[in-house]
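As a plain string of letters, each chain reads:
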Amino acid sequence: MIEPTLDIHLTDSDLDAALRSDARTGLTSTPKSLPPKWFYDARGSELFEAITALPEYYPTRTERALLERVVGEIARTAQAEVLVELGSGSAAKTRLLLSALLSEGPLKTYVPQDVSVSALRGAAQQVGAEFPSLAVHGVVSDFTDTLHNLPRGGRRMIAFLGGTIGNMVAAERAEFLGGIQQVLEPGEQLLLGAGLVTDPAILVPAYDDAAGVTAEFNRNVLHVLNSRLPADFDPDSFDHIAHWDADNEWIEMRLRATRAMTVTVADLDLTVDFAEGEQMRTEISAKFRVDGLTAELAAAGFDTEQVWTDSDDRFALVLAGRR
């Protein structure tokens, strides 16, 4: 086994500063909002793993089944020497890609990227043990603004899976995809996973399950603020809302105050008033149409090489080459 290496470009103090900035901006805006990345402390990660196993939550299992079906074709087409995965987490689905790329092509290095040092170190050790011929080079960073820290050398494919692209509005997606295009060399590739527009009767329950796990996940952002800032939110005084916005074609998750209240955020020296019934947005999950997605990639400087979808057209994997 080749001993994994880790580059750290994001420290705990950087994360604390980002949380303070996001909380101040979001809690003083009209309407209020918080970015979804703050769901994910240890408890939030556990809740999301539980969500992915729920009968209503089809995206994870649909993407995995699709990846299992087409991963050999992806590997043969890409011929990647380096696989970079943005937001790698536990790297569970990535093992499919790694196995196929090692079987079909010249893969030498895996570069997982994540904000969590502990998660990345654990995943790097596991992947290194499972694929001993592979060099694992972890990068601790925030993929939204530190793409330039990704290592260069070798023919790279960047994988951005899980439908996370949908957490960005159109302008953010354009900036993000443009940033990826700038760090890739001509001919290098992006493998993008994206949820597709489908029946709201299928979509909405995926974000508002009967067991209430997604509701707890949504409220977890308040626990994070209470723990880290600290604040004095009463999470039980907020209802979970999952709303399908047909105009924007996205699911919008919100927290709705069940009573009027004032919240104090100590680290920000801030008091925040909530009216009864007031809603705060915590996440969007945009869904795409294939033509629209490939148009966004083209505008960012990519040529779509192949699109794969599941049999129900609920999820897409897109392989695109940098011009």
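Residues numbered from 1 in each chain as written. Predicted model: local features only at pLDDT ≥ 70, side-chain atom pairs only at ≥ 80, totals over all residues. Heavy atoms only, no water.

Peer 1: Summarise unusual backbone geometry; cite the residues concerned and give the values.
Peer 2: A cis amide bond links Thr-30 with the next residue in sequence, Pro-31, at an omega value of -5 degrees. Summarising the element assignment, Pro-31 is placed in the loop between helix H1 (12-27) and helix H2 (42-52). Between Leu-229 and the following residue, Pro-230, the backbone shows a cis peptide bond with an omega angle of -20 degrees. Along the chain, Pro-230 falls in the loop between helix H8 (213-228) and strand S7 (238-245). In this model, Glu-249 sits at a positive phi of 55 degrees, which is unusual for a non-glycine residue. Relative to the elements of secondary structure, Glu-249 occurs in the loop between S7 and strand S8 (250-257). Its identity is not glycine, yet Asp-269 carries a phi of approximately 50 degrees, on the positive side. Within the secondary structure, Asp-269 sits in the loop between strand S9 (261-265) and strand S10 (270-274). (Helix = DSSP H or I, 4+ residues; strand = E, 2+ residues; numbered from the N terminus.)

Peer 1: A description of the domain arrangement of the protein chain should follow, citing residues and the corresponding values.
Peer 2: Domain annotation for the protein chain reports domain 1 (27-55 + 202-286) and domain 2 (58-199 + 289-322). Here the C-alpha centroids of domain 1 and domain 2 sit 27 Å apart. Both sides of the domain 1 and domain 2 interface together cover about 1300 Å² of buried area, and 49% of this is carbon and sulfur. Summed over the three residues of domain 1 that lose the most area to domain 2, namely Ile-202, Leu-203 and Glu-249, the buried surface amounts to 37% of that side. Applying the counting rule to domain 1 against domain 2 returns two salt bridges. For Lys-37, the salt bridge identified is with Asp-142, shortest N-O distance 3.3 Å. Linking domain 1 to domain 2 there are nine residue pairs in polar contact (both at pLDDT 80 or more). Those elements that provide at least two residues to the side of domain 1 that touches domain 2 are helix H7 (200-206) and strand S11 (279-286). (Domains from an automatic or database assignment. Buried area = accessible area lost by both parts, 1.4 Å probe. Salt bridge = Lys/Arg side-chain N within 4 Å of Asp/Glu carboxyl O. Polar contact = N/O pair within 3.5 Å; in protein donor to acceptor, adjacent residues only side chain to side chain.)

Peer 1: Run through the pattern of salt bridges, naming residues and quoting values.
Peer 2: Pairing between side chains becomes possible if they bear opposite charge and their charged atoms approach one another. This structure, assessed with the given rule, holds 20 salt bridges. For Glu-185, the salt bridge is made with Arg-152, and the minimal N-O distance between the two is 3.1 Å. Placement of the pair is Glu-185 in the loop between helix H6 (170-183) and strand S6 (189-195) and Arg-152 in the loop between strand S4 (135-140) and strand S5 (156-160), with a sequence separation of 33 residues. Note on Glu-185: relative accessible area 40%, which makes it partly exposed. Because the salt bridges share partners, they merge into one network encompassing Asp-22, Lys-37 and Asp-142. (Buried < 20%, exposed > 50% of the residue type's maximum accessible area, 1.4 Å probe, protein only.)

Peer 1: An account of the sheet that holds S4 is requested, with residue identities and associated values reported.
Peer 2: An order of S1-S4-S3-S2-S5-S6-S13-S12 is seen for the eight strands of this open sheet, with the pairing classed as mixed. The open sheet terminates on both sides in strands that have one partner only, identified here as strand S1 (5-8) and strand S12 (302-309). Mean inter-strand twist for the sheet, computed between neighbouring axes without regard to direction, equals 20 degrees. With seven bridges connecting them, S6 and strand S13 (residues 315-322) associate as antiparallel partners. From the neighbouring strand, Gly-193 faces S13, where its bridge partner is Leu-317. Its contacts with the sheet put helix H5 (residues 117-130) on S1, strand S3 (109-114) and S4, and the angle it makes with S4 is roughly 170 degrees. Sheet contacts for helix H9 (residues 290-299): S6, S12 and S13; angle to S12, the most-contacted strand, approximately 155 degrees. (Pairing = 2+ DSSP bridges. Axes fitted to C-alpha atoms, helices over the stretch in contact; angles between N-to-C directions. Contact = heavy atoms within 4.5 Å.)

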